[in-house]
Number of protein chains: 2
Amino acid sequence: MPAISKKGLDMPQSPIRKLAPYAEKAYAEGKTVYHLNIGQPDIKTPEIALDAVKIHSLDILAYTRSEGSDDYRQKIAGYYKKNDIHVSKDDIIVTTGGSEALLFAFGSIMDIDDEIIIPEPFYANYNGFSTASGVNIVPVISKIEDNFALPAIEEFEKLITPKTKAILICNPGNPTGYLYSKEEIKKLAAIVKKHDLFLIADEVYREFVYDGIEHYSIMQEESIQENAIMIDSVSKRYSMCGARIGCLVSKNKEVIATALKFAQARLSPPTLAQIASEAALNTPQSYFDEVKAEYVSRRNTLIEELEKIEGVKVAKPKGAFYCVAELPVKNADDFAQWLLEHFVVNGETVMVAPAAGFYSTPGVGLNQIRIAYVLNENSLRKAVNILKEALKVYPN
Amino acid sequence: MPAISKKGLDMPQSPIRKLAPYAEKAYAEGKTVYHLNIGQPDIKTPEIALDAVKIHSLDILAYTRSEGSDDYRQKIAGYYKKNDIHVSKDDIIVTTGGSEALLFAFGSIMDIDDEIIIPEPFYANYNGFSTASGVNIVPVISKIEDNFALPAIEEFEKLITPKTKAILICNPGNPTGYLYSKEEIKKLAAIVKKHDLFLIADEVYREFVYDGIEHYSIMQEESIQENAIMIDSVSKRYSMCGARIGCLVSKNKEVIATALKFAQARLSPPTLAQIASEAALNTPQSYFDEVKAEYVSRRNTLIEELEKIEGVKVAKPKGAFYCVAELPVKNADDFAQWLLEHFVVNGETVMVAPAAGFYSTPGVGLNQIRIAYVLNENSLRKAVNILKEALKVYPN
């Protein structure tokens, strides 16, 4: 039998997938499972986006341009302008989700065995994209004690080698909900400028920023126009994860020309989803105001309830809809599995994402979980209560 | 300024893209351009597929499973059964176009600097996927004189090294329209079995097979169940290139488990397009009969007209909707550009794809072009007439 590649063997499995069979077993046993484990919001997609595909007048579902249709890119540039990000349609390549934008960025700027520095914990799929691209993640550790703030500049500089090509941040962050301040972005700008690196920012949660703070994009930092690559997506913004539309944005013309070659090889991003995504840009501000109010209230409830549990440490998120919590358990992986297999309150249990999968340093984050507050408040309260009761009896 | 990767610099540009500025110039000058250069059919998408997205009842455009929805994969397995290919839904991973299926296949079975043997000329984007995956294409030359038949077994065996991991064919072929016979597939099966290689077959043109011949899939060859990986797509079958839905099919459980990890990293294939693609499976046979009759008649006209031109050599395609023609010119790249820039018949010109981009051996195919017969017969006749008149006056 021919052999699987080393790359294929090295590809990480999603930290959630490992638990999937236990979730299925729980369903089979008739249990209700509260899903705090995934970033699939329960928020409705704007009707304007869903309706746009209902009234399409296509008779051939044809390719669009590889970089996305001109109209759509023009409108995306308009959206950014309202967010004080000044780019033209030529600085934008429409991609199949933020995922593909990351793959294009990695391919355009890194070769085999090159290194990318990422503050950890980080979005678990960065591991997969790195393995697929043959590059190595060098983590710089951010700590729950510091609310996951940007590590000191010196910590980054210690890690820079001749193989370092980029720093990648997620802002606001999955899984921490941490929002980088303008000062922190300026610090990163100074490092990448000094060491001639790219700065990639995954800003897909840009709209989800709380407590009156403004999001500061790397694209607003003019000194690093040639270094900055922004990754974006409609998935969370309009609760249309299934559209699979994102984009890569850069003022660096070589980056765009190179990413375009990757885009041409795969022909075009999905056409129907571009129709929905273009229409989504007309979503009224009231939609975001409501969604934001909903997330803030969920977050407050979640943090308040978690803080009541003895032995639980939690970093208060300022954006996105995740938080990382430290539990009084040795191994959150085992605990998550035990919850699904052996614990119920009134026939209900809860599924959480063990946080170890969000770290690339082995042995770190073993007692942490990521919680996605994508459920309504009532469900959230019940779910946290299950956690609380579970921790009382868990045979650690 | 930070540097682009070697991989990024090496990424090939589509052979057609280089001509795009000249086509735009031709439009700007008010010329009509017949596009024989791209595989975007003018055939209408089945209404049943287009209507399915018009009546969707989603209120959240959510992720599907990473491997595609259970229902859809079940129905795909049903489609294959009708084609005498016996697989279950668990042997199928739904992908974002055939492109992504190829990337997953390459990643699952090949590491950096591994080699894949491909009969050339081949689909130009195989170059891009190979570069993106860091693997090397080793071409085995098929010749226009032989109608692009499979090269002799010995030609393959000469090329096999310890780094060879797979043989890739496109059947029926883009750009040649060549259809491999059952005997040829059996020959390939014997080679991959003997040398413990994978056999990847891109069978996206399966429905487009002419002259009463039956398509024989590598999945029908039971002796190579563990070696065979089939790539498929809805793009051409239902003229829905913009859906971006394909699949990877294999009975090799390790291949599927590995490809699934790549699929999980990018979360899910596009949801709306899966709705359209699932509905497309109910397309009545009459649709294919009509489309096939149309392509056969186009092909016959095209070949007949091309053969009338002095100095033109053409391989008669038995499938797909492309053919490769040899022209009495030194460099088809220059000729294609000259057509767009300097030649018109009644204000009309023609755009062709220079075939050199479909070869990886430098200097081969320089006097060949690929013609896609995706235009109606009247336009085809006019387009070939333009070619004929052009060749009379072209300053070679």
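Residues numbered from 1 in each chain as written. Chains lettered and ligands numbered in written order. Predicted model: local features only at pLDDT ≥ 70, side-chain atom pairs only at ≥ 80, totals over all residues. Heavy atoms only, no water.

Asker: Summarise the packing of aromatic side chains; cite the residues concerned and give the values.
Answerer: Applying the stated rule across the entire model yields 36 aromatic pairs over all chains. Taking 5.5 Å as the distance between ring centres and 65° as the angle between the ring planes, the aromatic pair formed by B:Phe208 and B:Phe321 counts as edge-to-face. Here the residue B:Phe208 occupies a position in the loop between strand 6 (198-202) and strand 7 (228-233), and B:Phe321 occupies one in the loop between strand 9 (313-314) and strand 10 (322-326), the gap between them amounting to 113 residues. Here the two residues B:Phe208 and B:Phe321 agree in accessibility, since each one is buried. One aromatic cluster is present, built from ring pairs that chain together A:Tyr205, A:Phe208, A:Tyr295, A:Phe321, A:Tyr322 and A:Tyr373. (Phe/Tyr/Trp six-rings, centres within 6.5 Å; stacked < 30°, edge-to-face > 60°. Helix = DSSP H or I, 4+ residues; strand = E, 2+ residues; numbered from the N terminus. Buried < 20%, exposed > 50% of the residue type's maximum accessible area, 1.4 Å probe, protein only.)

Asker: Which residues make up empty space enclosed by the protein, and what values do they have?
Answerer: Summary: where empty space remains is shown by rolling a probe the size of a single water molecule over the atoms. Under the counting rule described, the total for this entry stands at five cavities of 30 Å³ or more. A volume near 590 Å³ is recorded for the largest cavity. Lining the largest cavity are 32 residues, and of these A:Glu100, A:Leu103, A:Phe104, B:Leu103 and B:Phe104 lie nearest its centre. The set of elements that each furnish at least two residues to the lining of the largest cavity consists of helix 5 (97-109), helix 6 (125-133) and helix 9 (253-265) of chain A together with helix 5 (97-109), helix 6 (125-133) and helix 9 (253-265) of chain B. If you tally residues by element for the lining of the largest cavity, the top one is helix 5 of chain B, at five residues. Partitioned by chemical class, the residues of the lining of the largest cavity number 14 nonpolar, 10 polar and eight charged. (1 Å grid on protein atoms, 1.4 Å probe; cavity = no way out; pocket = protein on both sides within 12 Å on 5 of 7 lines; lining within 4 Å. Points joined across faces, edges and corners; volume = space filled by probe spheres on them. Nonpolar A, V, L, I, M, F, W, Y, C, P; charged D, E, K, R; others polar.)

Asker: Describe the sheet that holds strand 6 of chain B, naming the residues involved and giving the relevant values.
Answerer: Residue and element names in this part refer to chain B. Spatially, seven strands are ordered 2-8-7-6-5-3-4 in an open sheet, and the strand pairing comes out mixed. Because the sheet does not close on itself, it has two edges, and the strands there are strand 2 (92-95) and strand 4 (136-141). On average, each strand axis in the sheet is inclined to that of its neighbour by 25°, with strand direction left out of account. Judged from the three bridges that link them, strand 3 (residues 115-120) and strand 5 (residues 164-170) form a sheet pairing that is parallel. Within strand 5, the position partnered with Ile116 by the bridge is Ala166. The sheet contacts of helix 4 (residues 70-82) involve strand 2, strand 7 and strand 8 (246-249), and relative to strand 2 the element is tilted by about 110°. (Pairing = 2+ DSSP bridges. Axes fitted to C-alpha atoms, helices over the stretch in contact; angles between N-to-C directions. Contact = heavy atoms within 4.5 Å.)

Asker: An account of the interface of chain A and chain B is requested, with residue identities and associated values reported.
Answerer: The partner chain B presents 79 residues to the 79 residues of chain A that form the contact. A buried area of about 6400 Å², summed over both sides, lies between chain A and chain B, and 58% of it is on carbon and sulfur atoms. Taken together, the links from chain A to chain B amount to four salt bridges. For A:Lys44, the salt bridge goes to B:Asp59, with nearest N and O atoms at 3.6 Å. Linking chain A with chain B are 40 residue pairs in polar contact (both at pLDDT 80 or more), by the criterion used here. Taken together, the elements giving at least two residues each to the side of chain A that touches chain B come down to helix 1 (6-10), helix 3 (47-54), helix 5, helix 6, helix 9 and helix 10 (271-280) of chain A. (Buried area = accessible area lost by both parts, 1.4 Å probe. Salt bridge = Lys/Arg side-chain N within 4 Å of Asp/Glu carboxyl O. Polar contact = N/O pair within 3.5 Å; in protein donor to acceptor, adjacent residues only side chain to side chain.)

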